[in-house]
Amino acid sequence: STEMKSRALFVLLQSGSDRAVDVVGQMARTGDDELRLQAVRGLAMVGDERAGPFLEEIYRSTDDIEVKRAVMEGWAMGGASDRLLEVARSTADVELRITAVRALAMTGDADVLWTLYDAEPSPEIRMAILRHVFMTGDSSRLLQIVQTEQDPEVRLAAVRSIGMMGYEHDGDGEGDAAAINDVLVDLYSNGDREIRAGVLEALAMRDQTSLLIQLFDQETDPELRTHIVRVLSMSDSEEA
């Protein structure tokens, strides 16, 4: 039964023996959908040179998107940035390219992501990079993008990514937090309505309650004032 085979795969992976890796690799090639995904993810957890050839073979031989995604997650766990970068650059399927971008972000290698961003003509892929780069903690480059990017949708993606970083990625602490807040407030003052709404959401995710209240007191647009109240209502702070 599939259930029994699934249990057997789990136990085999605990052993770490060459024979176990071979059996799991064979299941990754030929098992049913559920077992294949489990076997691929299991090979990724092995995390050494024995699993690499299996994952490469499986990726190249299957048309199953879910299996390909599982392989890329395995590459991310193994830190295979070069292989993921190749997929993100050359694969025709946009969804697979976005999956590769997400997997690259999981490796924490911001330099590779920015290399891809600088060479990428597609706004869709550039926005995907910005949506996931927060995992790397590289806020400095995001700040440059929100200040210089001409495509409003790409710029908005950068704003939202800064919000998703929160305080834990502010590097030197209060100084970095103040610099980020200054850029966001300036963007709020000069941006269109959609950018302003994105800034408000980013400030809320960064727990900038006092700043949001200041913006509320200064804002004259009823719709934006309502939006500020809405984001403040999600905070559990006494001040909010």
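This one's a predicted model, so the numbers in the text were calculated from it and none came from an experiment. Position numbers for residues count from 1 along each chain, tracking the sequence in the order it is written. A pLDDT threshold of at least 70 governs which residues receive local features in this predicted model, and a stricter bar of 80 or more applies before side-chain atom pairs are shown or counted, although totals over entire chains, interfaces and linings include all residues. To get the side-chain values, all heavy atoms of the structure are used, and hydrogens and water are removed first.

K.L.:
Before we go on, may I ask you to explain the packing of helix α1 (residues 2–15) against helix α2 (residues 18–30) in this structure?
P.N.:
Orientation is described by axes fitted as lines to C-alpha atoms, over the contacting stretch for helices, and by angles from 0 to 180 degrees between their N-to-C directions. Helix and strand assignments follow DSSP, with helices taken as H or I runs no shorter than four residues and strands as E runs no shorter than two, numbered in order from the N terminus. α2 packs onto α1 with a crossing angle of 140° between their chain directions and a minimal axis gap of 8 Å. It follows that α1 is oblique to α2 by the angle criterion. Crossing angle aside, the handedness with which α1 passes α2 is left-handed. Contact residues: α1 offers K5, L9, L12, L13 and S15, while α2 offers A20, V23, V24 and M27. In this classification, Asp, Glu, Lys and Arg are treated as charged, Ala, Val, Leu, Ile, Met, Phe, Trp, Tyr, Cys and Pro as nonpolar, and every other residue, Gly included, as polar. Taken together, the residues of the contact of α1 with α2 break down into seven nonpolar, one polar and one charged. Note on angle classes: values under 35 degrees are labelled roughly parallel, values over 145 roughly antiparallel, values of 65 to 115 roughly perpendicular, and the remainder oblique. A crossing counts as left-handed when the near helix is turned anticlockwise from the far one by less than a right angle, and as right-handed when that turn is clockwise. In this analysis, two residues are considered to be in contact whenever any of their non-hydrogen atoms come within 4.5 Å of each other.

K.L.:
I keep staring at the side chain of T209 and nothing clicks. Help me out?
P.N.:
Note that T209 resides in helix α14 (residues 209–218). Any residue under 20% of the maximum accessible area for its type is buried, any over 50% is exposed, and the rest in between are partly exposed; the area is computed with a 1.4 Å probe on protein chains only. Under the relative-accessibility criterion, T209 is labelled buried at 8%. Those residues in contact with T209, other than ones at most four positions away along the chain, are L232, S235, S237, E239 and A240.

K.L.:
When you look at the nonpolar core in this model, what are you seeing that I'm missing?
P.N.:
Here is a general trend for soluble globular proteins: nonpolar side chains tend to be buried in one another's company. Core analysis: the biggest nonpolar cluster contains 73 residues, and L43, M72 and L130 have the highest contact counts within it. Excluding anything up to four places from it in sequence, L43 contacts L13, V21, V24, G25, A28, A51, F54, L55 and I58. By nonpolar core is meant a set of buried Ala, Val, Leu, Ile, Met, Phe, Trp, Tyr and Cys residues that side-chain atoms within 4.5 Å join together.

K.L.:
What is the right way to look at the packing of helix α6 (residues 81–90) against helix α7 (residues 94–107) in this model?
P.N.:
Angle between the axes and distance between the axes are the two parameters that describe a pair of packed helices. Between α6 and α7, the least distance of the axes is 8 Å, while the angle of their chain directions is 155°. In terms of orientation, α6 lies roughly antiparallel with respect to α7. In the packing of α6 onto α7, the handedness of the crossing is left-handed. Residue-level contacts link S81, L84, L85, V87, A88 and R89 of α6 to L96, R97, A100, V101, A103, L104 and T107 of α7. Within the contact of α6 with α7, the residues separate by chemical class into nine nonpolar, two polar and two charged.

K.L.:
I would appreciate a short explanation of the packing of aromatic side chains in the present structure.
P.N.:
Aromatic ring pairs are reported here in terms of the distance separating the ring centres and the angle at which the planes meet. Only Phe, Tyr and Trp rings take part, Trp by its six-membered ring, and two of them pair if their centres are within 6.5 Å. Stacked means planes under 30 degrees apart, edge-to-face means over 60, and tilted covers everything else. Per the stated rule, a full pass over the model turns up two aromatic pairs. Between the aromatic rings of Y59 and W75, the centroid separation amounts to 5.1 Å while the plane-to-plane angle is 45°, which identifies the pairing as tilted. Of this pair, Y59 sits in helix α4 (residues 51–61) while W75 is found in helix α5 (residues 65–77), placing the two residues 16 residues apart along the sequence. Neither residue differs from the other here; Y59 and W75 are each classed as buried. Consider the rings of W114 and Y117, whose centres lie 5.6 Å apart with planes at 85°: the pair is edge-to-face. A residue pair is termed a helical-turn pair when its members lie 3 or 4 positions apart in one helix, as W114 and Y117 do in helix α8 (residues 110–119) at three residues. Like W114, the residue Y117 is buried in the burial classification. Lysine and arginine charges are scored as sitting over a ring when NZ or CZ, respectively, is within 6 Å of the ring centre and within 35 degrees of the ring normal. Positioned above the aromatic ring of Y59 is the side chain of K68, whose terminal nitrogen or guanidinium carbon lies 3.8 Å from the ring centre. The residue whose ring lies beneath R225 is F216, and the NZ or CZ to ring-centre distance is 4.0 Å.

That's the geometry; what it means functionally is another story.
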